[in-house]
Amino acid sequence: RSSEVTGKDGRNEVGSKRQGLLRMDPCIDKHCDAGRVCKAIDDDTAECVCVDVCDEEVDPRRKVCTNHNETFGSDCEVQQMRCFCNNGDARCRSHKYQHVHVVYYGECREMPECKDEDMADFPRRMRDWLFNIMRDLADRQELSSHFLKMQREAETNHTLRWTNAAIWKWCDLDGEPHDRAVSRHELFPIKAPLMTLEHCIAPFLDSCDRDDDHKITLIEWGKCLQLN
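Nothing here was measured: the structure is a model prediction, and the numbers come from that model. (Residues numbered from 1 in each chain as written. Predicted model: local features only at pLDDT ≥ 70, side-chain atom pairs only at ≥ 80, totals over all residues. Heavy atoms only, no water.)

A separate point is the sheet that holds strand β4 (residues 71-72). Spatial strand order, β4-β3-β5: three strands in an open sheet with antiparallel pairing. In this open sheet, the two strands that pair with only one neighbour each are β4 and β5 (102-105). Bridge count for strand β3 (residues 64-66) against β5 is three bridges, and the pairing is antiparallel. Bridging from a neighbouring strand, Val 64 pairs with Tyr 105 of β5. (Pairing = 2+ DSSP bridges. Helix = DSSP H or I, 4+ residues; strand = E, 2+ residues; numbered from the N terminus.)

Once that is clear, we can look at the packing of helix α4 (residues 116-139) against helix α6 (residues 161-173). It is at 8 Å that the axes of α4 and α6 come closest, and there the two elements cross at 75 degrees. In terms of orientation, α4 and α6 fall into the roughly perpendicular class. Mapping the contact onto sequence places Arg 127, Asp 128, Leu 130, Phe 131, Ile 133, Met 134 and Leu 137 in α4 and Arg 161, Trp 162, Asn 164, Ala 165, Ala 166, Trp 168 and Lys 169 in α6. Here the contact of α4 with α6 is built from residues that sort into nine nonpolar, one polar and four charged. (Axes fitted to C-alpha atoms, helices over the stretch in contact; angles between N-to-C directions. Parallel < 35°, antiparallel > 145°, perpendicular 65-115°, else oblique. Contact = heavy atoms within 4.5 Å. Nonpolar A, V, L, I, M, F, W, Y, C, P; charged D, E, K, R; others polar.)

Enumeration over the complete set of coordinates arrives at three aromatic pairs. Pairing Phe 122 with Phe 204 gives two aromatic rings, centres 4.9 Å apart and planes at 50 degrees, and the pair type is tilted. With Phe 122 in helix α4 and Phe 204 in helix α8 (residues 201-208), this residue pair connects regions lying 82 residues apart in the sequence. There is no split in this pair, since Phe 122 and Phe 204 are both buried. One cation-aromatic arrangement involves Arg 93 over Tyr 97; the distance from NZ or CZ to the ring centre is 5.8 Å. Here the guanidinium or amino end of Arg 127 rests over the ring plane of Trp 162, the centre of that ring lying 4.1 Å away. (Phe/Tyr/Trp six-rings, centres within 6.5 Å; stacked < 30°, edge-to-face > 60°. Buried < 20%, exposed > 50% of the residue type's maximum accessible area, 1.4 Å probe, protein only. Lys NZ or Arg CZ within 6 Å of the ring centre and 35° of its normal.)

Its location among the elements puts Glu 186 in the loop between β6 (182-183) and α7 (188-191). One buried charged side chain, Glu 186, makes no salt bridge at all; its nearest oppositely charged neighbour is Lys 215, positioned 6.1 Å away. Only 2.9 Å separates the side chain of Glu 186 from the backbone nitrogen of Ser 183, close enough to count as a polar contact. If we ignore the near neighbours within four places in the chain, the residues touching Glu 186 are Leu 173, Asp 174, Gly 175, Glu 176 and Ala 181. (Lys, Arg positive; Asp, Glu negative; His and termini not counted. Salt bridge = Lys/Arg side-chain N within 4 Å of Asp/Glu carboxyl O. Polar contact = N/O pair within 3.5 Å; in protein donor to acceptor, adjacent residues only side chain to side chain.)

With that settled, the discussion passes to the nonpolar core. With 38 residues, the main nonpolar core has Met 126, Leu 143, Ile 190, Phe 204, Trp 221 and Leu 225 as its most contacted residues. Every element with two or more residues in this core is listed here: β5, α4, α5 (145-156), α6, α8 and α9 (218-224). Residue contacts for Leu 143: discarding those within four places in its chain leaves Met 134, Leu 137, Ala 138, Leu 148, Gln 151 and Trp 168. Core analysis: the next-biggest nonpolar cluster, separate from the first, contains 11 residues, Cys 50, Val 64, Val 78 and Cys 83 among them. (Core = buried A, V, L, I, M, F, W, Y, C linked by side-chain atoms within 4.5 Å.)

Right, let's talk about the environment of Glu 113 for a bit. With respect to the helices, strands and loops of the structure, Glu 113 is situated in the loop between β5 and α4. Taking C-alpha positions, Glu 113 is 7.9 Å from Cys 200, a pair spaced 87 residues apart along the chain.

Moving on, we get to the layout of surface pockets. In this structure, the largest pocket spans a volume of roughly 720 Å³. What lines the largest pocket is a set of 30 residues, among which Asp 33, Arg 82, Ser 183, His 185 and Glu 186 lie closest to the centre. Elements represented by at least two residues in the lining of the largest pocket include exactly α3 (75-86), β5 and α7. For the lining of the largest pocket, the leading source of residues is α3, giving six residues. For the lining of the largest pocket, the per-class residue count stands at 10 nonpolar, 10 polar and 10 charged. Within this model, the second largest pocket holds a volume of roughly 210 Å³. Taken together, 15 residues form the lining of the second largest pocket, with Thr 66, Asn 69, Val 103, Met 195 and Ala 202 sitting closest to its centre. Secondary structure elements with two or more residues in the lining of the second largest pocket: β3, β5 and α8. (1 Å grid on protein atoms, 1.4 Å probe; cavity = no way out; pocket = protein on both sides within 12 Å on 5 of 7 lines; lining within 4 Å. Points joined across faces, edges and corners; volume = space filled by probe spheres on them.)

This is the structure we're talking about:
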């Protein structure tokens, strides 16, 4: 009691400082999705609004190609457009942009056709790739203790070889907010680096969203990788 009154309790002091900061800036504890920024309404209230203006990019390497095979000036412009369309903003070009997302960096270009035989073998190659990536991260001590334990189990139990790697990657892709589903734009870190190397990656990941709700559940992810 006395420590709280006198302010000698370190944790109490930190809490008081944080409350003071919140009174000055209600955006401090506000998380906004990509394409949105926090805007203070009054001293105690804040909301997420669409980015009004994206920085102008002069570097052509900052251009991005979307799932509509359209080139945008930057990823900010893509996220901004998605926000406009989801908010009913007059600056929305078309309702189709409600789910627009970046597929890869650079201007859009023609990709080789993903043939049926390539697609049929893709889940196996994807499973192997995920396992190898997880093993490399484990060797470099870059996995959390939980996933490191799962990786070590997969090394000695062949049944878990692909399953544990698939679970790790799905959890890794499920960013803020952790809603137990991977959205199309959350697939970007796994899709963009492989687009020019694996021309089947985009149709493969699209096929994982079986009910076309723009989210991939763990069950859908497992079925897509042909895992029980």
